[in-house]
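Structural description and commentary
Listed here are the chains, written in short residue letters.
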Amino acid sequence: MGNKAMTFTESQLEDYQDCTFFTRKEILRVYKRYRAICPEVVPKKMTGDEPVKIRVPQERIEQLPELKENPFKERICQVFSKEGNGSLSFEDFLDLLSVFSEQAPRQIKVYYAFKIYDFDDDHHIGPADLEQVLKLLTRSQLSAEEIVQVCEKVIEEADVDGDGKLSYMEFEHVILRAPDFLGTFHIRV
Amino acid sequence: MSESERKKRSQCIDVWEEAGSEFYQESYPGMEADLEAFQKNPNKLSTLLPSNKTRTARKKINNGTVCYQATATLKPVEYGTLCQNTMGCNNEIQISLMPDLSENLSNEELVWEEIMKIKTMPISMAHKKELKAKLKSADAFRLQGFQQLKWQKRKFCNCLKTKWLEFYNKFHLWSSSLKKIEGHCGAGVVEFFLFIKLLIFLNAFTMVVVFIVLILPSVYWVELKGGIAPDLWNECGSSNESASIECCSAIYENTTRVARPRVTIHYVMDIIQGTGWVETTPMYYSYYPNQQFSVGKLFTYHIPLAYIVSTISYFLLFFLIIVRKSIKGFKQRMVETQVQYYLYSNSIFIGWDFCINNKIPAILKQKAIFNELRSFLIADRPKFENRNRSKQVNIIIIRLLISFLVIALIGSACFSVYLIFYYSIKLLQREQTFMWAFLLEFATPVAITFYNIVLPIIFDVFLKFENRSMYQETRLCILRIICVRLSLLVVLLGSIYKLINCVREKSQCASALCNSPLCWETYVGKIMYKLLIVDVACKIGITILISCPRSILVRHFKNNLFQVMSNQELNLAKHVLDVIYIQIIVWLGSFYVALMPALGLVSMVIMFYIKRFSCIVNYSLAQKVYSPSRAHTMIMSMLLMSYVLCVTTWLAVVSKITPSRSCGPFKGLPSIWRVLIDFIRTIPPWTITCYEILFSVNFVVPLIFILSCIVYYYHTVMGSNKKMIVVLRKQLVLEGHDKQFLLNRLSAFIKQQDRRRKATENNGEIDVLLS
């Protein structure tokens, strides 16, 4: 495996192994996928600060087969992007896939799920956020009236302190009850 | 809010209501004034905490602190998890609140543990690396001696685990297929394919066990000893002792000893039918001798005993694995679905499968979610305004009528199968042409498979008229299909039983009255074999010849007519039933056909590819939302039920019917258990005395008493745990409110400080201006 020495330094690989849920082989696989998205921008050697500096724009990330058909792909890119504009460096990309991997525990997935569904970044999932989610999820097939009804029902089910929107705790309370969350909230590379 | 909604909401939030309603507000009264007091005496803040304000809360907190003191450990508080559980959305506060860990950790092991926990923190990679660097550079005492060894061992085990996982993932069978299926149909359907994989491995293991324990020794013995001596045959032909075991076996051997056919077509036909020269191979029960032979001077190998032991062992293995998998799923469902009030939230937040990576399945899945939400909305709408009296009565009459029709159809199908079975046997007694004999042999299996395919389609059409809700529809559909399959199998087994259980005269090897076969076990084996082959062949045929063109038509012609015709298998349970049916045939036939597990293995592999084909190419399962845990539970419960039925049938058969006199390892014995009993007699007597003591009344009754005491104890513990859960849940609510309160105070305090600072600055400026 001569490539290993060239792409990343040992200490980098060790760091990544400790900071994500991936093994060495998987990290290299992730790197290959990252490079395949945008070969002209991503260099072969990432031993310096390339993992942080070099960013792949959002449009190219969204073409990844795993994300292409995901209705939330834009939001996912925005959440994991350090600069907030949707472009991902290698470390952001690794972080993304690590959170969505099978070994990630529930807690961290719930945290990021909340961030993804919170479209306006106000730390609450309000009716506007829910509307957005529904529109993306059903390809705008629901009528406006039905959307309003469903939003009301969701808030009724999950909202506890009566403020009309879901805080992180309420969201967590709902999600942790469901046994299927781990099964559906993962992306396999 | 309507009545039902109010009730639902009250049931849902009674947990929360205990905490009182005064702090459901964002702002707390007297905030400004309180801040002054807080500066002078910080402890006063604790009296303002929401949890302290309610009487019930105070009691519970007192109880809580008692609990905590009892279980407090000497480990430092886990800051990692604390950070996660507090206001998870405020990243900046989270990072700033992370304490300087380098001061609190005392040794290498704790540092290592903290490093291991870094990956579970929801912060960006850069922060994680910073944290790791900080931890690594922190001063930590080196561990000494035994603790050092323990820690090294832990590290080593961890390393080993990751290496093992890597290695195991390389050899994951069909992992790319499963990933593709997941991309098309979602995680629930993958559970189904994992189930097929499980059955494949179990069948493979069974096959290996049977091969080693039974087939190899028997082949060795039979090849060594050869066939029946010719003078025996002459004796039997002439004397009156024509119904002895030896003579019956001789007669049977004579009838089946057929030379391998030269013509290829006959060769192949014999394989397909399972008759002719195939009967002399190790495939059937009749091949196995009832002898025992000595292996050198070590021990004697008892073939009938090996036969029973292998059967019992693989049935036990199946049982253990099925029960283990069912319990895992059951535990999960018990713990996690205590509150079933989150229909909408679950279908929105957890409805989308993030693994789907193809265009058409994504569109289908979105449609499925849309349909689900629509059906929830329709179910919630008040129904009584739509239906008036006569319509209701109409619907009830239609449903009753259809139920009668269904029962009538199933009854007539069973009766026709019985008639076909009876007449095919009768006709086969006479000489027939080759083609006609072939058709007659396959008449019964083909009839059964035909009804298995056609009747569900008819029932689907009926369901459309019954006007039921979605869940009722699917349940009823599955129930009817199970009825059809089970009743047809029962009729088949019953007719065979009738055939075998005829009265036999002393001078006959087998009853001539009902024309029972000389070797009924081989006969049963042949029928099971044919049933399996016909079923698998039909499934392959239907998938390739019918489903494939249908889906091509639907995809390319947007005509309404074709859309109607495209009612593909939308139900996962139907596919599960297909696979379980094949496994039932394998189980029922395994005792009479030693190679049945191998055939089962091959059929399961074929089924995997057929189902994969229909999933990926025909998009048949992509149109509904299946949750993995529910799918798993459904599959395991169906498998367990069918296993119980099969084993009960097998036990009934071997207890009631005497083995045939002409063939097999148990010929001449009144029942197969006799072999076991004889074997037990040969083992040392002290084991028998042990066994007698263990099962005597003196021992069993106290044992039952002790067991019931233990059960009662666990029952009480479970009840008290449930109460504890309720208490802890309420406490969690209060703690959450405490946190929220403190945060609000903190931010208000900071704002106040800011304002003050700005005010003093402004004052300073004004002073400067004025002076």
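Bear in mind the structure is a predicted one, so any value in this text is a computation, not a measurement.

**Some words on the overall build of chain A**
For chain A, the helix and strand inventory stands at 13 helices and 2 strands. If you line up chain A on its principal axes, its C-alpha atoms span 60 × 30 × 25 Å. The buried share among the 189 residues of chain A stands at 57%. Restricting to contacts in chain A with at least 6 residues of sequence separation, those with at least 24 account for 59%. Per element, the accessible surface of chain A, about 7,500 Å² overall, is 50% carbon and sulfur.

**A word on the overall build of chain B**
The helix and strand tally for chain B stands at 30 helices and 2 strands. Expressed as a percentage of the 771 residues in chain B, the buried residues total 41%. The long-range share in chain B, meaning contacts at least 24 apart out of those at least 6 apart in sequence, stands at 77%. On chain B, roughly 44,200 Å² of surface is accessible, and the fraction owed to carbon and sulfur atoms is 65%.

**Comments concerning the pairing of strand S2 (residues 299-302) of chain B**
Residue and element names in this part refer to chain B. With 4 bridges connecting them, strand S1 (residues 292-295) and S2 associate as antiparallel partners. Opposite Phe293, over in S2, you have Tyr301 as the bridge partner. Linking S1 back to S2 in an antiparallel pair, the connection comprises 3 residues, with Gly296 at a positive phi of about 60°.

**Things to note about the UniProt feature "domain: EF-hand" (unreviewed entry) in chain A**
Here the UniProt-annotated "domain: EF-hand" (unreviewed entry) positions come out as residues 68-103, 105-140 and 146-181 of chain A. When the span residues 105-140 of chain A is considered, its composition is 67% helix and 0% strand, and the gap between its end C-alpha atoms is 32 Å.

**As for the pattern of salt bridges**
Scanning the entire structure with this criterion turns up 28 salt bridges over all chains. Residue Glu40 of chain A pairs with Arg60 of chain A through a salt bridge whose shortest N-O separation is 3.2 Å. In this pair, Glu40 of chain A is assigned in the loop between helix H3 (24-37) and helix H4 (50-53) and Arg60 of chain A in helix H5 (residues 58-61), connecting sequence segments 20 residues apart. Owing to a relative accessible area of 26%, Arg60 of chain A belongs among the partly exposed residues under this scheme. Of the charged contacts in the structure, one is a salt bridge between Lys526 of chain B and Glu279 of chain B, with a shortest N-O distance of 2.7 Å. Of this pair, Lys526 of chain B sits in helix H23 (residues 520-556) while Glu279 of chain B sits in the loop between helix H16 (264-273) and S1, and the two are 247 residues apart along the sequence. Since its relative accessible area comes to 15%, Lys526 of chain B is described here as buried. The network of salt bridges with common partners includes Asp15 and Asp18 of chain A together with Lys132 of chain B.

**Details of the UniProt feature "transmembrane region" (unreviewed entry) in chain B**
Under the feature "transmembrane region" (unreviewed entry), the UniProt entry names residues 198-222, 301-323, 396-422, 442-465, 477-497, 580-610, 631-652 and 693-714 of chain B. Between the first and last C-alpha atoms of residues 580-610 of chain B the distance is 15 Å; the span itself is 84% helix and 0% strand.

**Digging into the packing of helix H11 (residues 144-158) of chain A against helix H19 (residues 359-380) of chain B**
Put simply, H11 of chain A and H19 of chain B touch, their axes get as near as 11 Å, and they point 80° apart. Here H19 of chain B runs roughly perpendicular to H11 of chain A, going by the angle between their axes. Here Glu146, Gln149, Val150 and Lys153 of chain A of H11 of chain A come into contact with H19 of chain B, specifically with Leu373, Arg374, Leu377 and Asp380 of chain B. The class makeup of the residues in the contact of H11 of chain A with H19 of chain B is 3 nonpolar, 1 polar and 4 charged.

**A look at a nonpolar patch on the surface**
All names here are of chain B. Together, Tyr691, Leu694, Phe695, Phe699, Leu703, Phe705, Ile706, Leu707, Ile710, Tyr713 and Tyr714 give the surface a local cluster of nonpolar side chains, amounting to about 1,200 Å² of exposed area. Those elements that provide at least two residues to the nonpolar patch are helix H29 (685-694) and helix H30 (697-770). The dominant element in the nonpolar patch, judged by the number of residues it contributes, is H30, at 8 residues. With respect to the helices, strands and loops of the structure, Tyr691 is situated in helix H29.

**Points about the environment of Ile303 of chain B**
Residue and element names in this part refer to chain B. Position of Ile303 relative to the elements: it lies in helix H17 (residues 303-336). The class of Ile303 is buried, set by a relative accessible area of 1%. Separated by 82 residues in sequence, Ile303 and Trp221 place their C-alpha atoms 9.6 Å apart. Residues within four places of Ile303 in sequence aside, it is in contact with Leu214, Ser218, Trp221, Pro289, Gln291, Gln292 and Phe293.

**Some details on the interface of chain B and chain A**
At the interface, 65 residues of chain B touch 73 residues of chain A. When chain B packs against chain A, close to 6,900 Å² is buried across both sides, 60% of that on carbon and sulfur atoms. When the buried surface of chain B facing chain A is broken down by residue, Met125, Phe349 and Phe354 of chain B rank first, second and third, together holding 13% of it. Taken together, chain B and chain A are joined by 8 salt bridges. With its nearest N and O atoms 2.8 Å apart, the salt bridge here joins Lys132 of chain B to Asp15 of chain A. Here chain B is connected to chain A by 15 residue pairs in polar contact (both at pLDDT 80 or more). The biggest single contributor to the side of chain B that touches chain A is H19 of chain B, with 11 residues. Looking at the side of chain B that touches chain A residue by residue, the classes come out as 31 nonpolar, 18 polar and 16 charged.

**Quick notes on the nonpolar core**
Ranked by internal contacts, the top residues of the largest apolar core, which has 116 residues, are Phe192, Phe193, Phe195 and Phe591 of chain B. Looking at this core element by element, the count peaks at 15 residues for helix H13 (residues 187-225) of chain B. Not counting residues within four places of it along the chain, the set of residues in contact with Phe193 of chain B comprises Leu178, Ile181, Phe608, Lys611, Arg612 and Cys615 of chain B. Within the second largest apolar cluster, 85 residues are counted, among which are Tyr34, Cys77 and Phe90 of chain A together with Leu377 of chain B.

**Looking at unusual backbone geometry**
Residue and element names in this part refer to chain A. You will see that Asp121, though not glycine, has its phi angle at about 60°, which is positive. Within the element layout of this structure, Asp121 appears in the loop between helix H9 (106-117) and helix H10 (127-138). Of note, His123 is a non-glycine position whose phi angle comes to about 60°, a positive value. Here His123 lies in the loop between H9 and H10. Accessibility expressed as a relative area gives 32% for His123, which makes it partly exposed.

**Description of the packing of aromatic side chains**
Following the criterion strictly, the structure yields 54 aromatic pairs over all chains and no others. Between the aromatic rings of Phe80 of chain A and Tyr112 of chain A, the centroid separation amounts to 4.7 Å while the plane-to-plane angle is 20°, which identifies the pairing as stacked. Taken together, the residues span a long stretch of sequence, with Phe80 of chain A in helix H7 (residues 73-80) and Tyr112 of chain A in helix H9 at a distance of 32 residues. Of note, Arg485 of chain B hangs over the ring of Tyr581 of chain B, and the distance from its end group to the ring centre comes to 4.9 Å.

**Quick word on the confidence of the model for chain A**
Of all residues in chain A, 97% have pLDDT values of 70 or greater, and the mean over the chain is 85. For chain A, the element scoring lowest by mean pLDDT is helix H1 (residues 2-7) of chain A, at 58; H9 of chain A scores highest, at 90.

**Describing helix H25 (residues 572-590) of chain B**
The end-to-end C-alpha distance of H25 of chain B, which contains 19 residues, comes to 27 Å, matching closely the 27 Å that a straight helix rising 1.5 Å per residue would cover. The buried fraction of H25 of chain B is high, at 19 of 19 residues.

**Thoughts on the confidence of the model for chain B**
In low-pLDDT regions, the fine details of the predicted coordinates are not to be read closely. Residue and element names in this part refer to chain B. When pLDDT is averaged across chain B, the result is 78; 78% of the residues are at 70 or more. Per-element mean pLDDT across chain B ranges from 35 in helix H5 (residues 55-71) up to 92 in H25. Confidence over residues 8-33 falls short of pLDDT 50; this stretch has 38 contacts with residues more than four positions distant or in other chains. Residue range residues 55-89 is modelled with pLDDT below 50. Its contacts to residues more than four positions away, or to other chains, number 39 contacts. Taken over the whole predicted complex, pTM reads 0.77, whereas the ipTM for its chain interfaces reads 0.87.

Definitions and limits used
- Residues numbered from 1 in each chain as written.
- Chains lettered and ligands numbered in written order.
- Predicted model: local features only at pLDDT ≥ 70, side-chain atom pairs only at ≥ 80, totals over all residues.
- Heavy atoms only, no water.
- Helix = DSSP H or I, 4+ residues; strand = E, 2+ residues; numbered from the N terminus.
- Buried < 20%, exposed > 50% of the residue type's maximum accessible area, 1.4 Å probe, protein only.
- Contact = heavy atoms within 4.5 Å.
- Areas by Shrake-Rupley, 256 points an atom, 1.4 Å probe, with all protein chains shown as cover.
- Pairing = 2+ DSSP bridges.
- UniProt positions renumbered as here; feature names shortened; annotations may be inferred.
- Salt bridge = Lys/Arg side-chain N within 4 Å of Asp/Glu carboxyl O.
- Axes fitted to C-alpha atoms, helices over the stretch in contact; angles between N-to-C directions.
- Parallel < 35°, antiparallel > 145°, perpendicular 65-115°, else oblique.
- Nonpolar A, V, L, I, M, F, W, Y, C, P; charged D, E, K, R; others polar.
- Patch = residues over 30% accessible without salt bridge, like charges linked within 9 Å, V, L, I, M, F, W, Y side chains within 5 Å.
- Buried area = accessible area lost by both parts, 1.4 Å probe.
- Polar contact = N/O pair within 3.5 Å; in protein donor to acceptor, adjacent residues only side chain to side chain.
- Core = buried A, V, L, I, M, F, W, Y, C linked by side-chain atoms within 4.5 Å.
- Phe/Tyr/Trp six-rings, centres within 6.5 Å; stacked < 30°, edge-to-face > 60°.
- Lys NZ or Arg CZ within 6 Å of the ring centre and 35° of its normal.
- pLDDT = per-residue confidence, 0-100.
- Expected span 1.5 Å × (residues − 1).

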